[in-house]
Amino acid sequence: MDLSYSAEDEEFRARLREWLRKVLPGLPAKPSADDWPGRRAYDLGWQRLLYDAGYAGLHWPVDAGGRGATPTRHLIFLEETEKAGAPYVGANFVGLLHAGPTIAAEGSARQRARWLPPVLRGEEVWCQGFSEPDAGSDLASLRTRAWRDGDHYVVSGAKIWTSHAEVADWCELLVRTDGQAPKHRGITWLAMPMDAPGITVRPLRTLAGSAEFAEVFLDEVRVPVANRVGEENDGWRVTMVTLSFERGTAFVGEVVACRRVLGEMAREARKNGRWDDASLRRRLGRLNAEFRALWRLTQWNVSESERGGGVPGVGGSVFKLRYSQARQELYDAAAEVLGPEALDLGREWTVDRLSSLSYTIAAGTSQIQRNIVAERILGLPKGR
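Quick notes on the rules
Residues numbered from 1 in each chain as written. Predicted model: local features only at pLDDT ≥ 70, side-chain atom pairs only at ≥ 80, totals over all residues. Heavy atoms only, no water. Helix = DSSP H or I, 4+ residues; strand = E, 2+ residues; numbered from the N terminus. Rg over C-alpha atoms; globule rule 2.2 N^0.38 Å. Buried < 20%, exposed > 50% of the residue type's maximum accessible area, 1.4 Å probe, protein only. Contact = heavy atoms within 4.5 Å. Areas by Shrake-Rupley, 256 points an atom, 1.4 Å probe, with all protein chains shown as cover. Core = buried A, V, L, I, M, F, W, Y, C linked by side-chain atoms within 4.5 Å. Polar contact = N/O pair within 3.5 Å; in protein donor to acceptor, adjacent residues only side chain to side chain. Pairing = 2+ DSSP bridges.

Draft legend 1. Focus on the overall build of the chain. Counting secondary structure elements, the chain contains eleven helices and eight strands. A compact globule built from 384 residues would reach a C-alpha radius of gyration of about 21 Å, and the chain, at 21 Å, matches this within 12%. Based on the C-alpha atoms only, the size of the chain along its principal axes is roughly 70 × 45 × 45 Å. The 384 residues of the chain split such that 52% are buried. Counting contacts in the chain only where the partners sit at least 6 residues apart, residues at least 24 apart contribute 72% of the total. By element, 51% of the accessible surface of the chain is carried by carbon and sulfur atoms, the whole surface being about 17800 Å².

Draft legend 2. Structural context of the nonpolar core. W19, W46, Y55, F77, W126 and W189 are the most contacted members of the largest nonpolar core, which has 45 residues in total. A total of six residues in this core trace back to one element, the largest contributor, which is helix α4 (residues 93-106). With 28 residues, the next largest nonpolar core counts M265, L287, F291 and A342 among its residues.

Draft legend 3. Summary view of the environment of E124. Of note, E124 is situated in the loop between α5 (109-121) and β1 (126-129). With a relative accessible area of 15%, E124 lands in the buried category. Separated by 29 residues in the primary sequence, E124 and G95 have C-alpha atoms spaced 8.1 Å apart. Apart from residues no more than four positions distant in its own chain, E124 is found in contact with L44, N92, R114, P118, V119, D169 and W170. Within polar-contact distance, the side chain of E124 engages the side chain of R114 at 3.0 Å.

Draft legend 4. Up close: the pairing of strand β4 (residues 170-176). Most of β4 sits out of view: seven of its seven residues are buried. The two faces of β4 match: W170, E172, L174 and R176 on one face and C171, L173 and V175 on the other face are all buried. Bridge analysis of β1 against β4 gives four bridges, and the strand direction is parallel. Opposite Q128, over in β4, you have E172 as the bridge partner. The pairing of β4 with strand β5 (residues 187-193) spans seven bridges and is antiparallel. Along β5, the bridge assignment pairs L173 with L190.

See below:
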């Protein structure tokens, strides 16, 4: 892994900084946390600005509509946009970080041409229909059924924790197409239009008071067979590609954000007098080292994905496992910095602390990640 920056990389950084300096002051005010139609419009508007400026899909393959940039350029982009306080992907995250890369890697030429350009242009939003009420960590035990009826699959079942379902145009959906096959071998990956008849979306309110998740109920929803990515009953393999992106590269920008927040915490502690606490200083110092190491691991994972044809490897599970815990520790430290103000939901970092509790569950629980590391990296036998 080459961690140095070439003269061309630094020129790219300078151009990006200048563009951000000009465009960010002109952005509209960010909508409130509960205004998801407004947040959708805001996030799509930012994505369109990136597209028009040549920064959308920077690291995606050229034949998938991207720029084919090196991993180094991608990391520079993430660093500079976060440092500048630019919007993150927001409602676009499933399309840009999960479904889009999966379709780029596994989709047909027709599918890539249909679904990838609207994601990059900021025209369509995707949600993820994987988890179910009785199939969370054991995703392969999902029960949502799909059966063939001519040129369509007919889908019935229920999904839960479906991010941004209420404002999504498409859903990356896992269904069971062979109830007699072993559970990992009877699954199919479909792209389902969210305006199809038979879909009911019920928002879920989180501990932090937001409603970015939803339950989705499917009552004989017809999905064209042409919307299947990969072969029928080969959806588990395609899903592993999706999860590789989710765990391996989707959190890259968040590492940069955590490093920024850590600096803000140190400044707040100096201002409110808590910097005098030697144990707090040691805690923040250890977290600084932690996130510096995670950034290096991020660089390695992104470089590894480039060598692997764009698909991250199982090293993403190592990153996901440690990042989830480190994020929780970061916002626990924030509570120590804030003192009694940490109980105020209107105070910076308080809602983030509540949100951080989900990170050891989301995108595969920490227990699942430990199994992956043990079996696929360390070569240990499967547990009985």
